[in-house]
Amino acid sequence: MKRIFAIVAWLGVALLGAGAFGKIAFDRGEKINATWFVLAAVCCYLVAYRLYSAFVAAKVLSLDDTRATPSERHDDGRDFVPTNKWVLFGHHFAAIAGPGPLVGPTLAAQFGYLPGTLWLIAGAAFAGCVQDFVILFCSIRRDGKSIGQMAREEVSERGGFIAQLAVLAIMTILLAVIGLVVVNALKSSPWATFTLAMTIPIALLLGLYLRFVRPGRVLEASVMGVALVLFVVVAGQWVADSPSWSRVFTLSGVALAFLIIAYGFAASALPVWLLLAPRDYLSAFIKAGAIFSLAAGILFVRPQVLMPPLTRFIDGSGPVFAGKIFPFCFITIACGAISGFHSLISSGTTPKMILRESHARFIGYGAMLLESFVGVMAMVAACAMPPGVYFAINSPPSIVGGAADAAAATISGWGFPLQVQTMSDLAHKVGEITLWNRAGGAPSLAVGMAQIFSSTIGGERLLSIWYHFAIMFEALFILTVLDAGTRVGRFMVQDLGGRFWKPFGRTGWMPGVLLSSAIIVALWGYFLYQGVVDPLGGINSLWPLFGISNQLLAAVALVVATTILMKMGRLKWIGVTLLPMAWLVTITMTASYQKVFDANPRIGFLAYAKALAAQIAAGKIPAEKIAETQRLIFNQRLDAAVTGVLAAMILVLIVEALVHWYVILSRGKESVLHESPYIATRWAADFSGAARGDD
């Protein structure tokens, strides 16, 4: 009877999700209610976790709780630390959930709500969650080795070395861009700066409490930590309103850059239990709390989605970014559906802290579902505002015009009516001077979130508070990626250095830890500093590479995962990773080619550089602007070179993998699986759920 009830209940969830999905996909009548987005996402996620992740855990991976995990075998109190699965889930989610699921869907809303929403839900269930889960499992079985190390051992020495170099280069770019976003978010907000700064001593206190005062008392520490975080969120407004304290926490971009660099070094070098894990655990409460509150607000307010399902800009003429819906919708959505950066966390900090193999399903697959939900909520928040307002915030002046009247006329001409006074009133209500031309996604997402929150609590009089809370919330998302990414980068530097000097590769050797931490921080810190001080943009010119680089990393991870499954003899289920890998390679290579060689200057790096050079040659650039234009030309050519080199590296890895797959399938060579030897765990007394992959 119980089984029948469960089947009926899950069938009901599936039918509700299918109905909501159908409403989103096929409704072409009046404006659709945002409630359907929440129902579609939640129901699809529940079914995917209950059925598909259980299938992957039991049939594809065969999780085994009788095996000792790396945290048990190599417990060193620094990197290999046995961690409660809820704390580790918080750390993992906080580490993977950066700017991508917030900014990507917001920018992709220029195509309409339909394509981005479909990819966020389906892409996560069948690609992103699978990548995170499988890579985490593979790393657990290999003593927590990185994705680069696994590529070298399982694919080929040459391909793996190229993959390690490519991953490190991509990591440097991503961390520098992420750091720059944090600086830009904090340098004008003493409230956000104070709140984020206070999460560091709170995390240290929480780490010491769990380690020495009340070991294992996670609930006590959670209540204490959340209470302190909520207090500093409120206290941040007091600091912002105080003339003296406001000056203390109103820092320049350069000062913030150096503080973030110092924080990155500390997060990389200090024991993981002291700062990284407890801070990310606390951040996860704010992140998940804000997202679930946003979902509850949507269900309560039931706002109408004002953006059409498809806009005129699917042809590639979009004002937010140029390029057709294929491949640029997928590249722009990026992290909310699948993120290569996640593979670095799943083969970096998390496998060194996990207690049992069965926890990999909850942490790897489950955390990515939650990130995808973040992306769906971001899409709703962006599409619930009037389209004219959305395009006014996100469109650059070169497209819509520098003057407010001209921009309003241009946007209205696209079929999205907009009055200049509307933007002025909105800016005043959220406490900003202007909201015109605030490209990047973050401000428009904050406006959308603030409008939904204020409709639930406080009305328009609290709109400015909700807006600045949303800005702080976004910055918190981003900074937790920076600290975990830096630690993973330290592992990568040590692994590469260990090829030439073995002591340097030992993660427990303190001089190697400090030196490798300094190297990875110096790499991304240099580009961060240049981006902050360079009036011409600096690292900002590399932002278009963010999406492509991230998806190229995902392609690397899926190549490695497919190779390992093939060696494990799971040919029957190889499509679980092979199909998303093929789709992702198609997307990334198409986008890379178009960004380098497309003749449209708004799309192709080289075409834009050529157009600027022609303007200089024709004397159309004022003398005082020539140096700036030449710098732009250099940046565009650099973007093209970086894109080409990264794509070429990934192609080499794919060719190496194809050759290796042929050898395996033709049985011309016995497959060698580089798993750690089986060692029985001393901790678990009941392994009855291991074969099923239950938690």
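The structure presented is a predicted model; accordingly, all values stated were derived computationally and were not measured.

Q: In this structure, what is going on with the confidence of the model for the protein? I would like to understand it.
A: Interpretation of this model should avoid reading the predicted coordinates in detail wherever pLDDT is low. A residue-level look at the protein finds 90% of positions with pLDDT of 70 or above and a mean pLDDT of 83. No element of the protein has a lower mean pLDDT than helix 13 (residues 276-301), which averages 74, and none a higher one than helix 6 (residues 113-140), which averages 95. Low pLDDT (under 50) marks residues 535-540, which in the prediction has 13 contacts with non-local residues, meaning those over four places away or in another chain. Below pLDDT 50 for its whole length, residues 686-695 participates in 25 contacts with residues either more than four positions away or in separate chains.

Q: When you look at helix 20 (residues 420-430) in this model, what are you seeing that I'm missing?
A: Regarding helix 20, the residues found buried are M423, L426, A427 and V430. The arc that holds every buried residue of helix 20, seen down its axis, measures 100°, which confines them to one face.

Q: Teacher, can you tell me more about the nonpolar core here?
A: Across soluble globular proteins, you tend to see nonpolar side chains buried next to one another. If you look at the biggest cluster of nonpolar residues, it comprises 214 residues, and the most contacted ones within it are L61, I147, Y365, M377, F391, L435 and W524. Here this core gets 18 residues from one element, more than from any other, and that element is helix 16 (residues 359-383). Every residue in contact with I147, bar those within four places of it in the chain, is listed here: I135, V167, L344, S347, V556, A557 and V560.

Q: Looking at this structure, I do not really get the packing of aromatic side chains. What am I missing?
A: The relation between two aromatic rings is expressed through the spacing of the ring centres and the mutual angle of the planes. Using the criterion set out here, one finds 23 aromatic pairs in the structure. Look at F391 and F416: their rings are 5.0 Å apart centre to centre, the planes differ by 25°, and that puts the pair in the stacked class. In this pair, F391 is assigned in helix 17 (residues 387-394) and F416 in the loop between helix 19 (404-413) and helix 20, connecting sequence segments 25 residues apart. Across the pair, F416 and F391 agree in class, each one buried. Relative to F597, the ring of Y593 lies with its centre 5.1 Å away and its plane at 45°, an arrangement referred to as tilted.

About the criteria used
- Residues numbered from 1 in each chain as written.
- Predicted model: local features only at pLDDT ≥ 70, side-chain atom pairs only at ≥ 80, totals over all residues.
- Heavy atoms only, no water.
- pLDDT = per-residue confidence, 0-100.
- Helix = DSSP H or I, 4+ residues; strand = E, 2+ residues; numbered from the N terminus.
- Contact = heavy atoms within 4.5 Å.
- Buried < 20%, exposed > 50% of the residue type's maximum accessible area, 1.4 Å probe, protein only.
- Arc of directions from axis to C-beta.
- Core = buried A, V, L, I, M, F, W, Y, C linked by side-chain atoms within 4.5 Å.
- Phe/Tyr/Trp six-rings, centres within 6.5 Å; stacked < 30°, edge-to-face > 60°.

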